[in-house]
Amino acid sequence: MTNSTTTAVLDRDGLSALVQALAAQGRTVVGPTVRDGAVVLAEIASADDLPFGWGTEVEAGRYRLVPRDDGAVFAHTAGPQSWKTYLHPQRERLWSAERAADGHLSVTEDGSEQPSYAFLGVRPCDLRAIAIQDRVLAGGRYPDRGYRERRTGAFLIAAECTEPGATCFCVSMGGGPAADSGFDLALTEVLDRAGHRFLVRTGSEAGEEVLSGLPRHPADAHTRNAARTAVDAARDRMGRAMPPVDLRALMGESLEADRWDDVAARCLTCGNCTMVCPTCFCTTTEEVTDLTGDHAERWQHWDSCFDVDFSHLHGGPVRASARSRYRQWLTHKLSTWYEQFGSSGCVGCGRCVTWCPVGIDITEEAAALHDELTDRLRREKQKETER
Amino acid sequence: MNDVPVPYQVTGVRRESADTVSLTLAPAGEEALEPFAPGQFAMVYAFGVGEIPVSVSRIGRRELVHTVRSVGAVSAALCALRPGSQVGLRGPFGTGWGLERAAGQDIVVVTGGIGLAPLRPLVLAALAARRAYGRLNLLVGSRTPEDLLYADRIRAWVDSHGPLHCQVTVDRPSPAWWGHVGLVTTLLNSALFTPENTTAYVCGPEPMIRATARDLLHRGVRPERIRVSLERNMRCATGHCGHCQLGGVLMCLDGPVIGWDRVESLLAVREL
């Protein structure tokens with residue numbers, strides 16, 4: 001991060017040049033694209049691959065692509081994936097082991113070279129999610145080497161949010177539609193009579209360097225104002241909000257709440273919420289052997305706390321009921337994450353709400369838990385005064 | 001080494017009971033793990049099968065002993081190993097018992113079943129520096145006399161060292177059994193300790209740990225002086241896989257040995 005920020009304006013050609021410049025650095029450029037009826041992240045060859053003219057309509061358990069007349073490219077909300085797909089991949093080989101004829105074991109760490117990524121269009125909520133996964137996987141006593149390499153090698157281009165969706169609640173999680181830090185470049189899309197363009201700000205020396213090589217215009221006051229106005233307006237248009245209470249304390253007080261039974265009656269324990277969540281990091285391991293039996297590989301892949309086997313011990317799972325598994329997810333995300341990694345595990349991106357097949361809404365569940373707790377405390381107080 | 005397993009050779013196999021084996025392991029090559037503290041664990045890798053966390057049950061200069069009960073695929077593969085086979089080890093991981101906390105105090109060690117294994121290095125360390133502590137109690141619970149771990153060695157500890165107040169109880173006696181029958185908590189009544197000046201170390205099945213901690217608290221032992229070792233599913237041992245959570249506790253980093261004050265309220269919640 002540098003303190004001095006350079007701002008400029010890119011037009012659509014400038015955006016194309018940006019993709020080319022990053023590719024010319026040998027980077028794998030990843031950005032939003034339209035595929036299978038959704039905005040999905042994929043490797044892009046040029047800016048033409050980006051979802052120009054596509055928006056999204058989301059609700060709890062619902063996601064639809066909608067065409068837009070204005071040709072906007074960053075007017076969609078979070079899709080089914082997040083950047084963890086690339087930084088913390090779904091499957092990763094940890095090591096290979098060989099057993100020689102005499103029984104000798106040799107183990108080789110997977111040392112494959114990590115790709116050098118450029119991420120185009122990282123939402124502010126996802127910037128925070130990346131920072132959270134940094135603390136989980138690259139911080140602490142045992143940093144994950146592969147993650148750290150991918151992460152330090154990645155070039156991040158934020159896209160500030162001007163079209164929040166109905167399931168977005170980042171503002172109530174202490175974030176917002178503006179990108180403040182953690183990026184190399186930040187774009188704000190501006191669409192008005194003066195044309196389709198992007199206000200660009202630098203956030204690092206690497207960003208300065210890339211920007212200096214692009215065809216660009218000086219940042220005029222009109223574009224700056226338009227960008228600021230659009231982002232400010234987005235702040236007030238969040239479709240949802242967490243209850244304005246201390247969620248950490250609320251979860252801690254709600255471990256025996258009745259609401260868990262209510263949500264468990266709806267939850268399919270499919271684990272979709274954990275797969276789409278940009279901060280969920282849990283993994284399991286599997287041992288893979290070849291037919292000779294002398295070569296084995298240790299693979300890590302994403303796991304979900306909704307899986308019964310997740311808490312398996314030889315006497316049976318610790319968390320057998322749906323109630324306990326949903327509670328594990330929500331209390332970890334909103335509360336115990338603080339103890340473990342110093343922050344909340346939720347950034348308010350709304351993916352878990354959108355992609356839940358039965359439309360369970362984390363903000364609604366938190367509000368219901370709050371109501372239940374308030375009721376309980378009131379009753380307890382009443383009892384006390386009656387005594 | 002924490003990233004990939006270091007090859008260790010099985011130099012000794014000792015059958016402790018019908019389903020439990022102690023493996024003596026020595027580095028197969030130049031590379032060896034950092035020294036373990038009693039209570040810490042290793043991730044033990046059975047080639048082609050998988051990896052499980054196992055607390056260390058004896059700590060030699062280069063050798064380590066792991067006592068393994070065959071309950072799943074990996075532990076069954078480990079129990080089937082012969083001298084000369086190799087395993088992989090990662091570690092040491094987690095917290096130790098912290099015997100230094102008990103300096104000048106009475107010690108109560110309470111074990112259930114294979115829970116004696118992680119406590120053996122603690123008992124040996126306490127016996128080796130016997131004068132640093134007050135009275136030393138070892139209360140051992142076992143399902144049956146045949147399942148009792150380290151039976152001949154327990155006898156040797158009692159015979160050869162300074163005073164060790166050892167009591168053994170079983171849930172189901174055999175005709176030849178002459179000792180106590182009943183839960184290990186019943187042994188606390190005849191253990192010799194001054195509760196307000198006692199450190200307890202407890203390992204066994206979770207219900208046994210709860211019952212023991214409850215009784216110790218009732219006797220007046222301070223909760224932070226009751227050190228328990230808990231078991232949770234673990235895949236990585238480095239705080240990244242998320243499996244070993246108990247509320248905010250990550251058992252691989254904050255445990256396996258942890259003060260009762262930190263887990264009492266968590267263990268009181270069903271299925272947490």
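Residues numbered from 1 in each chain as written. Chains lettered and ligands numbered in written order. Predicted model: local features only at pLDDT ≥ 70, side-chain atom pairs only at ≥ 80, totals over all residues. Heavy atoms only, no water.

- Chain A goes by 4Fe-4S ferredoxin in an unreviewed UniProt entry, where it is assigned to Streptomyces djakartensis.

1. Focus: the overall build of chain A
Then, number 1: When helices and strands are tallied, chain A shows 12 helices and 16 strands.
Then, number 2: Against the compact-globule benchmark of 21 Å for 387 residues, chain A has a radius of gyration of 23 Å, which places it among compact chains.
Then, number 3: Across its three principal axes, chain A shows a C-alpha extent of roughly 75 × 70 × 40 Å.
Then, number 4: Per-residue burial for chain A yields a buried fraction of 55% across its 387 residues.
Then, number 5: In chain A, once contacts between residues fewer than 6 apart in sequence are set aside, the share between residues at least 24 apart is 72%.
Then, number 6: Entry remark: accessible area of chain A is about 16,700 Å², with carbon and sulfur atoms responsible for 48%. (Helix = DSSP H or I, 4+ residues; strand = E, 2+ residues; numbered from the N terminus. Rg over C-alpha atoms; globule rule 2.2 N^0.38 Å. Buried < 20%, exposed > 50% of the residue type's maximum accessible area, 1.4 Å probe, protein only. Contact = heavy atoms within 4.5 Å. Areas by Shrake-Rupley, 256 points an atom, 1.4 Å probe, with all protein chains shown as cover.)

2. Quick look at the domain arrangement of chain B
Residues and elements named next belong to chain B.
Then, number 1: Taken domain by domain, chain B consists of domain 1 (6-93) and domain 2 (99-267).
Then, number 2: Put simply, the middle of domain 1 and the middle of domain 2, counted by C-alpha atoms, are 22 Å apart.
Then, number 3: Counting residues at the interface gives 23 residues for domain 1, matched by 23 residues for domain 2.
Then, number 4: Of all residues in domain 1, the largest losses of buried area upon contact with domain 2 belong to Glu16, Phe41 and Ser57, amounting jointly to 24% of the total for that side. (Domains from an automatic or database assignment. Buried area = accessible area lost by both parts, 1.4 Å probe.)

3. Side note on the pairing of strand 1 (residues 7-11) of chain A
Residues and elements named next belong to chain A.
Then, number 1: Examined bridge by bridge, strand 1 and strand 11 (residues 195-202) share five bridges and lie antiparallel to one another. Paired with Ala8 across the two strands is Val200, which belongs to strand 11.
Then, number 2: The pairing of strand 1 with strand 12 (residues 217-218) spans two bridges and is classified as antiparallel. Note on strand 12: the bridge partner recorded for Ala8 is Pro218. (Pairing = 2+ DSSP bridges.)

4. Observations concerning the pattern of salt bridges
Then, number 1: Inspection of every chain in the model, using the stated rule, returns 44 salt bridges over all chains.
Then, number 2: For Arg259 of chain A, the salt bridge is made with Glu365 of chain A, and the minimal N-O distance between the two is 2.8 Å. Residue Arg259 of chain A is found in helix 8 (residues 259-266), and its partner Glu365 of chain A is found in helix 12 (residues 362-386); the two are separated by 106 residues along the sequence.
Then, number 3: By relative accessible area, which is 1% here, Glu365 of chain A ends up buried.
Then, number 4: Across the pair Asp152 of chain B and Arg14 of chain B runs a salt bridge, and its minimum N-O distance is 2.9 Å. Placement of Asp152 of chain B in helix 3 (residues 151-160) and of Arg14 of chain B in strand 1 (residues 6-17) is noted, with a sequence separation of 138 residues between them.
Then, number 5: Through salt bridges with shared partners, a single network forms among Arg259, Asp262, Arg266, Glu364 and Glu365 of chain A. (Salt bridge = Lys/Arg side-chain N within 4 Å of Asp/Glu carboxyl O.)

5. Some remarks on the sheet that holds strand 12 of chain A
Residue and element names in this part refer to chain A.
Then, number 1: The mixed open sheet is built from eight strands, whose spatial order is 3-2-8-9-10-11-1-12. In this open sheet, the two edge strands, each paired with only one partner strand, are strand 3 (38-43) and strand 12.
Then, number 2: Here three bridges tie strand 2 (residues 28-35) to strand 8 (residues 117-122), and the two strands are oriented parallel to one another. Considered in strand 8, the bridge of Val30 is made with Phe119.
Then, number 3: Together, strand 1, strand 2, strand 8, strand 9 (155-159), strand 10 (185-192) and strand 11 form the strand contacts of helix 1 (residues 12-24), whose direction differs from that of strand 1 by roughly 100°. (Axes fitted to C-alpha atoms, helices over the stretch in contact; angles between N-to-C directions.)

6. Section: the interface of chain B and chain A
Then, number 1: Listed per partner, the contact involves 42 residues of chain B and 50 residues of chain A.
Then, number 2: Across the interface of chain B and chain A, roughly 3,800 Å² is buried in total on both sides, 54% from carbon and sulfur atoms.
Then, number 3: The largest share of the area that chain B buries against chain A comes from Phe47, His240 and Glu271 of chain B, three residues that together contribute 21% of it.
Then, number 4: Along the contact surface separating chain B from chain A lie two salt bridges.
Then, number 5: There are 22 residue pairs in polar contact (both at pLDDT 80 or more) connecting chain B and chain A.
Then, number 6: Taken together, the elements giving at least two residues each to the side of chain B that touches chain A come down to strand 3 (41-46), strand 4 (50-55), strand 7 (86-93) and strand 15 (249-250) of chain B.
Then, number 7: For the side of chain B that touches chain A, the residue count by class is 19 nonpolar, 14 polar and nine charged. (Polar contact = N/O pair within 3.5 Å; in protein donor to acceptor, adjacent residues only side chain to side chain. Nonpolar A, V, L, I, M, F, W, Y, C, P; charged D, E, K, R; others polar.)

7. Some points on the pairing of strand 13 (residues 226-229) of chain B
All names here are of chain B.
Then, number 1: On strand 13, burial covers both faces: Ile226 and Val228 on one face and Arg227 and Ser229 on the other are all buried.
Then, number 2: Pairing between strand 12 (residues 198-203) and strand 13: four bridges, direction parallel. Note on strand 13: the bridge partner recorded for Ala200 is Ile226.
Then, number 3: The β-α-β motif built from strand 12, the intervening helix 4 (residues 206-219) and the parallel element strand 13 has right-handed crossover chirality.
Then, number 4: Across three bridges, strand 13 lies against strand 16 (residues 257-259) in antiparallel orientation. (Right-handed = clockwise from strand over helix to strand, strands pointing away.)

8. Quick word on the layout of surface pockets
Residues and elements named next belong to chain A.
Then, number 1: By volume, the second largest pocket amounts to about 710 Å³.
Then, number 2: Leu94, Glu109, Asp144, Arg145 and Gly146 are, among the 34 residues lining the second largest pocket, the residues nearest its centre.
Then, number 3: Listing elements by their share of the lining of the second largest pocket, those giving two or more residues are strand 6 (91-99), helix 4 (145-152) and strand 13 (283-289). (1 Å grid on protein atoms, 1.4 Å probe; cavity = no way out; pocket = protein on both sides within 12 Å on 5 of 7 lines; lining within 4 Å. Points joined across faces, edges and corners; volume = space filled by probe spheres on them.)

9. Description of empty space enclosed by the protein
Residue and element names in this part refer to chain A.
Then, number 1: Per the stated rule, a full pass over the model turns up seven cavities of 30 Å³ or more.
Then, number 2: Each pocket or cavity is described by its volume, and for the largest cavity that value is around 140 Å³.
Then, number 3: Residue lining of the largest cavity: 16 residues in total, with Cys267, Cys273, Tyr326, Cys356 and Ile360 positioned closest to the centre.
Then, number 4: Looking at side-chain class alone, the lining of the largest cavity contains 13 nonpolar, three polar and no charged residues.
Then, number 5: Considering only enclosed or pocket space, the second largest cavity measures out at about 120 Å³ in volume.
Then, number 6: In terms of lining, the second largest cavity is formed by 13 residues, of which the most central are Leu41, His76, Ala78, Gly79 and Arg351.
Then, number 7: Partitioned by chemical class, the residues of the lining of the second largest cavity number five nonpolar, five polar and three charged.

10. Thoughts on the packing of helix 2 (residues 116-128) of chain B against helix 3 of chain B
Residues and elements named next belong to chain B.
Then, number 1: As a packed pair, helix 2 and helix 3 sit with axes 12 Å apart at the nearest point and diverge in direction by 20°. The orientation of helix 2 relative to helix 3 falls into the category roughly parallel. When the axes of helix 2 and helix 3 are compared, the crossing they make is left-handed. Every residue of helix 3 that contacts helix 2 at Leu116, Arg120, Val123, Leu124 and Leu127 is listed here: Arg153, Ile154 and Trp157.
Then, number 2: Across the contact of helix 2 with helix 3, the residue classes break down as six nonpolar, no polar and two charged. (Parallel < 35°, antiparallel > 145°, perpendicular 65-115°, else oblique. Left-handed = near helix turned anticlockwise from the far one by under 90°.)

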